[in-house]
Amino acid sequence: MARSTRNGGAVLEPTNGTEVAPSFQLNTDQLELLAKLNGLTNNSNKGTLLTADRDIKYHKSSVILIPEGMSMEQLEVAARKKAQELNKIHEFSRVFDYRPDDGAHAATQVIHRMFGMTVGVETKTMFGDIPPRFRTIKVSHNRTVEVPWGKLELAALPGAVVQFGAGHNKSGPIFVISVESPKKHADKIEAFFDAVSDELRLNSIYRGKPLEVEADGELKFLDVSTFNPTQIVFSSEVRRHLSAGVFGLIRYTDASRRANLSTKRAVLAYGPYGTGKTSLGMIAAQECVENGWTYLKVNAQNVDALRQAFQTAALYGPAVLFIEDIDRYTPKSTDVDAMSELLDIFDGIGTKNSKLSVVMTTNHIEPVPPGMLCPGRLDYVIEVSGLDRVGTEDLIRAVVPESMLEDDIDFDAVYAEMQDWQPAWIKGAASRATELAIARNAGGLVFQLSTIDLVDSAKSYANQLALMNAALEGTPVNKLDDTLGDLVAGAVHTAIADAKIVDTDDEYERFLIKPEKVEAGTDFMLEQGYIDLRNVEILILDE
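Residue indices begin from 1 for each chain and proceed along its sequence in written order. Side-chain atom pairs in this predicted model are given and counted only at pLDDT of 80 or more, local residue features only at pLDDT of at least 70, and totals for whole chains, interfaces and linings cover all residues. The basis for every side-chain value is the complete set of heavy atoms in the structure, and neither hydrogens nor water enter the calculation.

## Overview of the overall build of the protein chain
Next, step 1: A tally of helices and strands in the protein chain yields 16 helices and 22 strands.
Next, step 2: Contacts are residue-level and defined by heavy atoms, with any inter-residue pair within 4.5 Å sufficient. Summarising the internal contacts of the protein chain: among those between residues at least 6 apart in sequence, 67% fall at separations of at least 24.
Next, step 3: Here the Shrake-Rupley method, with its probe set to 1.4 Å, supplies the accessible areas, and only the displayed protein chains count as covering residues. Looking at the protein chain as shown, the accessible area adds up to about 29,400 Å², and 50% of this sits on carbon and sulfur atoms. Strands are runs of DSSP state E lasting at least two residues, helices are runs of H or I lasting at least four, and both sets are numbered from the N terminus onward.

This is the structure:
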């Protein structure tokens, strides 16, 4: 141990009764030199406890331990060289497997807590200096913040320059922090990196949130708070399968794990337009928010963007990846390489315990390749079609206030007129029943819907639906000889390429196609599943 001397020095003495070095005195200058190595002060008995180089150890006492056999002259030379080394600029960096905006937000929060004030630094390039800049990022569907991007100095760490940036690895675009700093700040920089990791783990702006993966891979926050799931009804069988295949894993993740069930899930829901498949995604999004899962709706335009969506889901698990119209991404069965690439994406979504659920929908099951439908890749294939008796009553009660329904409605009679109807049609019939009741009451608004109102509405709606389907199906033309198949296919592709989309939404499209390609082209497209003519209106171009 050491004892103080009058001139401010210290005498090193044996510890634990064993002599480890000759006794000698250190003057004030020498103590100050040693103190500079890591901020030790002679007027404090505690000193500063920091982890530094492997060849130097600091402790809370004012005792200075010197290696046996080292002279004061050697100590002084070593101390000065070490001080010089600690003031040399070194480079530090760490990669964070989070998307760049998420990382920049977390790092900004940590810098404010740990270091306080920052100063932007110009970036020098061969084309001139780039001034300090900020990026505006979304942190929710209705709030944005500004974060620094590029270089900045930390006032609390003299000589340290921090740079935020983006890198790319097997997880896609990720966040990178690089620091140029005197080596003496190494421990504070490592502590900063660790704090950013903790901030991302605990307060990521993306994990546990409902998001949309846009065409370029950027993440957009979704507002699911206004969606009313009570007005979305499925048949009893579909409801059971969706509960087990989609919602059960989100709600009962731990139970699935304890039952030794896989927490990696892939589900395909298929069926015609208007059956609630899009709303299935919104219901899943709300379930995710309630149970701490990340929800990612995919709006990718190609397989590469689809792959990045899978990577994002893996980063922010547990997650649900919702892919609407999966048939958009399925290549021709003859394109072996493209098919292999698509299947590789699904095969690489993670292990049995990945806590990742992929939910896909399609209006057309035919283009989905058989290789994707096998049980090893899809856990559930659920047909979502018309409603059963229970579903029909549930939907009517969901869209019509209870006070507007008579107590003794015969829903068996109502279902007899609406059997296997799609939810959108049933909603339309319920609205029409209200119109009939208003007319029956001469404009009065005090009424209740009766069985007759609902049955009459269904009958009038059924006639309209029958006429609509008959008109859209049209009269089929004679099939072309098989030897002309290739020529027809080429004409169809040309027609589609020349077509002008004049209107489109989630359930309807209109194409403007040259007249000479309509007859053969539309028949071929219908037969091969390229388009569904019930939901496409082909307008002949007037040349």
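## Observations concerning the confidence of the model for the protein chain
Next, step 1: Mean pLDDT over the protein chain stands at 75; residues scoring 70 or higher make up 68%.
Next, step 2: pLDDT expresses how confident the predictor is about each individual residue, on a scale running from 0 to 100. Mean pLDDT per element in the protein chain: strand β2 (residues 10–12) is the minimum at 38, and helix α7 (residues 277–291) is the maximum at 95.
Next, step 3: Here residues 1–28 is a poorly scored stretch, pLDDT under 50, and it has 47 contacts once near neighbours within four places are set aside; other chains count.
Next, step 4: Low pLDDT, under 50, characterises residues 475–543; the stretch is placed with 86 contacts to residues that sit more than four places away or in other chains.

## Here's the deal with helix α13 (residues 423–440)
Next, step 1: The end-to-end C-alpha distance of α13 is 26 Å, a good match for the 26 Å that 18 residues give at a rise of 1.5 Å each.
Next, step 2: Per-residue accessibility, obtained with a 1.4 Å probe over protein chains only, is compared with the maximum for each type, and a residue is labelled buried under 20%, exposed over 50%, and partly exposed between these values. Looking at α13, one finds that the buried residues are Pro 423, Ile 426, Gly 428, Ala 429, Ala 430, Ala 433 and Ala 437.
Next, step 3: Positive phi appears at Ala 442, one or two residues downstream of α13, with a value of about 55°. Expected helix span is taken as 1.5 Å per residue step, with the number of steps being one fewer than the number of residues.

## So, the nonpolar core
Next, step 1: Take the buried Ala, Val, Leu, Ile, Met, Phe, Trp, Tyr and Cys residues and link them wherever side-chain atoms come within 4.5 Å; each set so joined is a nonpolar core. Of all hydrophobic cores here, the largest spans 61 residues; its most connected members are Phe 164, Ile 177, Phe 192, Leu 321 and Ile 323.
Next, step 2: Not counting chain neighbours up to four residues away, the residues in contact with Leu 321 comprise Leu 296, Val 298, Ala 309, Phe 310, Ala 313, Ser 357, Val 358 and Val 359.
Next, step 3: If you look at the next biggest cluster of nonpolar residues, it comprises 25 residues, including Val 246, Leu 280, Ile 283 and Val 320.

## Looking at the pairing of strand β10 (residues 151–154)
Next, step 1: Judged by which residues are buried, β10 turns out to be one-sided: Leu 152 and Leu 154 face inward and are buried, whereas Lys 151 and Glu 153, on the alternate face, are not.
Next, step 2: At least two bridges found by DSSP between two strands is the condition for calling them paired. For β10 and strand β11 (residues 161–169), the ladder comprises 3 bridges, and the chain directions are antiparallel. Across the sheet, Leu 152 pairs through a bridge with Val 162, a residue of β11.
Next, step 3: Linking β10 back to β11 in an antiparallel pair, the connection comprises 6 residues, with Gly 159 at a positive phi of about 90°.

## Observations concerning the sheet that holds strand β18 (residues 356–362)
Next, step 1: Spatially, β14-β13-β16-β17-β18-β15-β19 is the arrangement adopted by the 7 strands of the open sheet, whose pairing is mixed. A single partner strand is all that each edge strand has here, and the edge strands are β14 (219–221) and β19 (380–383). In this sheet, adjacent strand axes meet at a mean angle of 20° when their direction is disregarded.
Next, step 2: Sheet topology note: the strand β16 (residues 294–298)/strand β17 (residues 319–323) ladder contains 5 bridges and is parallel. Each axis is a line fitted through C-alpha atoms, and for a helix only the stretch in contact is used; angles between axes span 0 to 180 degrees, taken between their N-to-C directions.

## Details of the packing of aromatic side chains
Next, step 1: Here a pair means two rings of Phe, Tyr or Trp (six-membered ring of Trp) with centres within 6.5 Å. Their orientation is stacked below 30 degrees between planes, edge-to-face above 60, and tilted elsewhere. What the rule picks out here adds up to 12 aromatic pairs.
Next, step 2: Centre to centre, the rings of Phe 115 and Phe 192 are 5.7 Å apart; their planes meet at 65°, and the pair counts as edge-to-face. One end of the pair, Phe 115, is in the loop between α3 (100–114) and β5 (118–121); the other, Phe 192, is in helix α4 (residues 186–203), with 77 residues separating them in the sequence.
Next, step 3: Look at Phe 192 and you get buried, because its relative accessible area is 1%.
Next, step 4: Seen from their ring centres, Trp 421 and Trp 425 are 6.4 Å apart, and the 80° between their planes marks the pair as edge-to-face.
Next, step 5: With relative accessibility at 7%, the residue Trp 421 sits in the buried group.

## Things to note about the environment of Leu 222
Next, step 1: On the secondary structure map, Leu 222 appears in the loop between β14 and α5 (236–251).
Next, step 2: Excluding residues that lie within four positions of it along the chain, Leu 222 makes contacts with His 141, Pro 210, Leu 211, Glu 212, Tyr 295 and Lys 297.

## A look at the environment of His 185
Next, step 1: Mapped onto the secondary structure, His 185 falls in the loop between β12 (172–182) and α4.
Next, step 2: Using a relative accessible area of 8% as the deciding quantity, one classes His 185 as buried.
Next, step 3: Once the C-alpha coordinates of His 185 and Gly 159 are considered, the two residues, 26 residues apart in sequence, prove to be 9.2 Å apart.
Next, step 4: In contact with His 185, other than residues within four places in its own chain, are Leu 157, Pro 158 and Ala 160.

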